[in-house]
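Below, each chain spelled out in residue letters.
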Amino acid sequence: MSNKLFVGGLAWSTTDESLRKAFAVHGEVSEARVVQDRDTGRSRGFGFVTFVSPDAARAAQEAMNNATLDGRSIRVDFATDKPRR
């Protein structure tokens, strides 16, 4: 099982740090990153949270899916690797 979560539906104001804080209550977070547009630097509305343990990731996915973060309802799923070209 993966320990990396995809988080969609983020508010434009959500930062790496606020994303980390929201998920850290469920276990130790090794990385939290809001994906930004390369040209504008603005949030693209989604990000990734990586936990140290798969158990913490599962607990966070169950607790945070459809939760509200920074005024927006977020969607949380296990991340899948993008196929390489």
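A brief look at the structure comes next. All of these numbers come straight from a predicted model, not from anything done at the bench. (Residues numbered from 1 in each chain as written. Predicted model: local features only at pLDDT ≥ 70, side-chain atom pairs only at ≥ 80, totals over all residues. Heavy atoms only, no water.)

Here we look at helix H2 (residues 54–64)
Within H2, the full set of buried residues consists of Ala56, Ala57, Ala60, Gln61 and Met64. Within H2, the buried residues cover an arc of 135° as seen down the axis, which keeps them to one side. For H2, the exposed residues set more than 90 degrees away from the buried face come down to Asp55 and Glu62. Buried residues along H2 sit against strand S1 (4–8), helix H1 (16–24), strand S3 (43–51) and strand S6 (75–78). The first or second residue beyond H2 is asparagine 66, which carries a positive phi of 70°. (Buried < 20%, exposed > 50% of the residue type's maximum accessible area, 1.4 Å probe, protein only. Helix = DSSP H or I, 4+ residues; strand = E, 2+ residues; numbered from the N terminus. Arc of directions from axis to C-beta. Contact = heavy atoms within 4.5 Å.)

What to know about the sheet that holds S1
Pairing within the open sheet is antiparallel, and its four strands lie in the order S2-S3-S1-S6. Of all the strands in the sheet, the pair left with one neighbour each is strand S2 (29–36) and S6. Along the sheet, successive strands turn relative to each other by an average axial angle of 20°, direction set aside. For S1 and S3, the ladder comprises five bridges, and the chain directions are antiparallel. (Pairing = 2+ DSSP bridges. Axes fitted to C-alpha atoms, helices over the stretch in contact; angles between N-to-C directions.)

Examining the packing of aromatic side chains
Per the stated rule, a full pass over the model turns up three aromatic pairs. By way of ring pairs, the aromatic residues Phe6, Phe46 and Phe48 are connected into one cluster. Here the guanidinium or amino end of lysine 4 rests over the ring plane of phenylalanine 48, the centre of that ring lying 4.9 Å away. The lysine or arginine in question, arginine 42, covers the ring of tryptophan 12, its NZ or CZ lying 4.2 Å from the ring centre. (Phe/Tyr/Trp six-rings, centres within 6.5 Å; stacked < 30°, edge-to-face > 60°. Lys NZ or Arg CZ within 6 Å of the ring centre and 35° of its normal.)

A closer look at the nonpolar core
Inside soluble globular proteins, nonpolar side chains tend to come together where they are buried. One finds Val7, Leu19, Phe23, Val49, Phe51 and Ile74 to be the most contacted residues of the largest nonpolar core, which totals 18 residues. Secondary-structure elements contributing two or more residues to this core are S1, H1, S2, S3 and H2. Per-element tally for this core: the top contributor is H2, with four residues. Isoleucine 74 has contacts with Val7, Gly8, Gly9, Leu10, Phe23, Met64, Asn65, Asn66, Ala67 and Leu69, leaving out every residue within four places of it along the chain. Core analysis: the second largest hydrophobic core is formed by five residues, Val35, Phe46, Phe48 and Ala79 among them. (Core = buried A, V, L, I, M, F, W, Y, C linked by side-chain atoms within 4.5 Å.)

The values reported here are purely geometric and, on their own, carry no functional implication.
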